[in-house]
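Each chain, letter by letter, is given below.
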Amino acid sequence: MTIENRISNFLAELGDQDENLFPYMANRKTGFDPEKDSVYYSGPYWDSREVSVAIESLIKGQWLTSGAAVNKFERRFSKYFGFEDSLMVNSGSSANLVMIAALKKYFGWQDGDEIIVSVVGFPTTISAIIQNNLTPVFVDISWHDLNWDLNLIENLISPKTRAVFSSPVLGNPYDVDGLLTITERHNLQLINDNCDSLGSKWKGKYLTEYGVAASCSFYPAHHITTMEGGMVSSNIEEVVKLARSFAWWGRACYCVGKQNLLKDGTCKNRFSEWIPNCDVAVDHKYVFENVGYNLKPLDLQGAIGLVQLEKFEEIDLLRNQNKTRINEIFAKISGCHVVQELDEAHCSWFGAPIVCETSNLKRKLVSHLENNRVQTRNYFAGNILMQPAYTQYGDWRKYPNASDVLGKVFFVGVSPTITREMMDYIEKVVDDFVGRE
Ligand SMILES: Cc1ncc(COP(=O)(O)O)c(C=O)c1O
């Protein structure tokens, strides 16, 4: 019997639907109990295939860490989303870190050069700029879509500005044409933190097709998950090569997957006098061109990613269906609205952003939902300059819209793990809130 058959028999014996053994599969189970079950805002959309390939890669793997499966996932992911090349790393935060490091080196940016970024978002979009000795220049948001206010960007451009770092709010595209007018006029690079917007499009093209490089996250809350994981992608192969070096200890060798078994390496010159002022042959694998990190994923994460990628279309569709249902449900509450996508956009929603007119309404609504086991989330850090670690980087008071985000904005999930029964339950909880108000 093949390993694959043994694993699938083993899984069948344990029972795919047993929620105690496979909580991630319980996300898909029918029979939601509204009296006691919680509605998680997101979670892995897995079945026995992800478990099976992970176990198989543990049993068959000769090296276990980043290898053939990770490399295959990098290539399939690139093809699917229209990139020349990609590098898988152990998280979306790591992806941001090495993407910025690679772009800085590729374009020759200097310490202190400036990157324009929304003041509201996830912290590791901004920390990647700071940790690479670049300077974040913050833009306030627009209440219309919670994205950066494009009208404010041009005033922030200085002779040191090199790029704009976009991170669409919960996947929702901003007016890309409007931004491109600015970046082209001022010769700025567009970098995409695409961790929340995998699959989102502007005028029929992936958002990432408009930028120089993109990051992605495979944390369980995201569109596809490899438990932890992330990706750096670009159409400039040198950028991905540099990112790989930063993520792989800083080394010069760029062999991946099976290429590592080549006697002379991909460079065909593996043992050579690589190190200046040292006239002995050195293995290219031990030549260090960058001050790097170790941010490699495990091969089983690559194997899981390959299965998840096959589900992407279904996941995108289900997320959109759930978003439409959330629009209908929350429209019943006066004093709050669910943010919508622009006409030219297709949004692959990460979550449904809800804006309340007052912080009192947000407080009451969130506590009603949470008390009834419907999970909610803040829109991440809110105004990042209010967070203890970031007050040193600017005065939060200069960003009035952003400063209201923690008070007035929250989001609920649209993940495919939220079934129709769970949506019916959310509707009942909201009806109850409306009845009481
Ligand atoms: C916009 C954005 N960037 C970066 C990250 C970091 O990703 P990870 O959790 O994989 O490190 C997240 C996480 O959710 C995110 O939402």
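Residues numbered from 1 in each chain as written. Predicted model: local features only at pLDDT ≥ 70, side-chain atom pairs only at ≥ 80, totals over all residues. Heavy atoms only, no water.

**Concerning the overall build of the protein**
Part 1 of the reasoning: Tallying secondary structure elements over the protein gives 15 helices and 16 strands in all.
Part 2 of the reasoning: For 437 residues, the compact-globule estimate of 2.2 N^0.38 gives 22 Å, and the C-alpha radius of gyration of the protein, at 23 Å, lies within 12% of that figure.
Part 3 of the reasoning: Counting only C-alpha atoms and orienting by the principal axes, one finds that the protein spans roughly 80 × 65 × 40 Å.
Part 4 of the reasoning: Evaluated residue by residue, the protein yields a buried proportion of 56% over its 437 residues.
Part 5 of the reasoning: Considering only contacts in the protein between residues 6 or more positions apart, those separated by 24 or more positions represent 71%.
Part 6 of the reasoning: Of the roughly 19,500 Å² of accessible surface on the protein, a fraction of 50% belongs to carbon and sulfur atoms.
Part 7 of the reasoning: Taking the average place of the 43 positive charges on the side chains of the protein and the average place of its 54 negative ones, the gap between the two points comes to 3 Å. (Helix = DSSP H or I, 4+ residues; strand = E, 2+ residues; numbered from the N terminus. Rg over C-alpha atoms; globule rule 2.2 N^0.38 Å. Buried < 20%, exposed > 50% of the residue type's maximum accessible area, 1.4 Å probe, protein only. Contact = heavy atoms within 4.5 Å. Areas by Shrake-Rupley, 256 points an atom, 1.4 Å probe, with all protein chains shown as cover. Lys, Arg positive; Asp, Glu negative; His and termini not counted. Charge placed at Lys NZ, Arg CZ, Asp CG, Glu CD.)

**Brief notes about the sheet that holds strand β6 (residues 201–202)**
Part 1 of the reasoning: On the basis of which strands lie adjacent, the open sheet formed by 3 strands has the order β7-β6-β13 and antiparallel pairing. Since the sheet does not close on itself, it has two edges, and those belong to β7 (205–206) and β13 (345–346), each with one partner.
Part 2 of the reasoning: Inspection of the sheet shows β6 paired to β13 by 2 bridges, in the antiparallel sense. Directly across from Trp202, in β13, lies its bridge partner Ala345. (Pairing = 2+ DSSP bridges.)

**Observations concerning the domain arrangement of the protein**
Part 1 of the reasoning: Domain boundaries in the protein define domain 1 (58–308) and domain 2 (311–436).
Part 2 of the reasoning: Taken over C-alpha atoms, the centre of domain 1 sits 28 Å from the centre of domain 2.
Part 3 of the reasoning: On the side of domain 2, 37 residues touch domain 1, which itself brings 40 residues to the contact.
Part 4 of the reasoning: Between domain 1 and domain 2 lies a buried interface of about 3,500 Å² when both sides are counted; carbon and sulfur atoms form 67% of it.
Part 5 of the reasoning: For domain 1, the biggest contributors to the area lost against domain 2 are Trp143, Leu170 and His223; these three give 22% of the whole. (Domains from an automatic or database assignment. Buried area = accessible area lost by both parts, 1.4 Å probe.)

**Observations concerning helix α15 (residues 420–436)**
Part 1 of the reasoning: Spanning 17 residues, α15 covers 25 Å between terminal C-alpha atoms, matching the ideal 24 Å at 1.5 Å per step.
Part 2 of the reasoning: Among all positions of α15, only Met422, Met423, Tyr425, Ile426, Val429, Val430 and Phe433 are buried. Burial along α15 is one-sided: seen end-on, the buried residues are contained in an arc of 160 degrees. Turned more than 90 degrees away from the buried face of α15 sit Arg420, Lys428 and Gly435, all of them exposed.
Part 3 of the reasoning: Check the buried side of α15 and you find it contacts α11 (312–330), α12 (359–371) and β16 (409–413). (Expected span 1.5 Å × (residues − 1). Arc of directions from axis to C-beta.)

**Brief notes about the pattern of salt bridges**
Part 1 of the reasoning: A full pass over the atoms with the stated rule returns 21 salt bridges.
Part 2 of the reasoning: The partner of Lys311 in a salt bridge is Glu50, with the nearest N and O atoms 2.7 Å apart. Taken together, the residues Lys311 in the loop between α10 (299–310) and α11 and Glu50 in helix α3 (residues 48–60) connect sequence positions 261 residues apart. Like Lys311, the residue Glu50 is buried in the burial classification.
Part 3 of the reasoning: One salt bridge in this structure joins Asp404 and Lys408, with 3.4 Å as the shortest N-O distance.
Part 4 of the reasoning: Its relative accessible area of 31% is what places Asp404 among the partly exposed residues.
Part 5 of the reasoning: Classification of Lys408 by relative accessible area gives partly exposed; the value is 21%.
Part 6 of the reasoning: A single salt-bridge network, built from bridges that share partners, covers Asp47, Arg49, Glu50, Glu310 and Lys311. (Salt bridge = Lys/Arg side-chain N within 4 Å of Asp/Glu carboxyl O.)

**Remarks on the sheet that holds strand β3 (residues 135–139)**
Neighbouring strands of a sheet are bound in pairs by backbone hydrogen bonds; such pairs are parallel or else antiparallel.
Part 1 of the reasoning: Strand order across the open sheet formed by 7 strands is β1-β9-β8-β5-β4-β2-β3, with mixed pairing between neighbours. What marks the edges here is a single partner per strand, and that holds for β1 (85–89) and β3. Taken pair by pair, the neighbouring strands of this sheet meet at an average axis angle of 20 degrees, ignoring direction.
Part 2 of the reasoning: Across 3 bridges, strand β5 (residues 189–193) lies against strand β8 (residues 213–217) in parallel orientation. Directly across from Asn192, in β8, lies its bridge partner Ala214. (Axes fitted to C-alpha atoms, helices over the stretch in contact; angles between N-to-C directions.)

**Points about a negative patch on the surface**
Part 1 of the reasoning: On the surface, Asp175, Glu341, Asp343 and Glu344 cluster together into a patch of negative charge.
Part 2 of the reasoning: As for its position among the elements, Glu344 is in the loop between β12 (336–338) and β13.
Part 3 of the reasoning: Judged by its relative accessible area of 38%, Glu344 falls in the partly exposed class. (Patch = residues over 30% accessible without salt bridge, like charges linked within 9 Å, V, L, I, M, F, W, Y side chains within 5 Å.)

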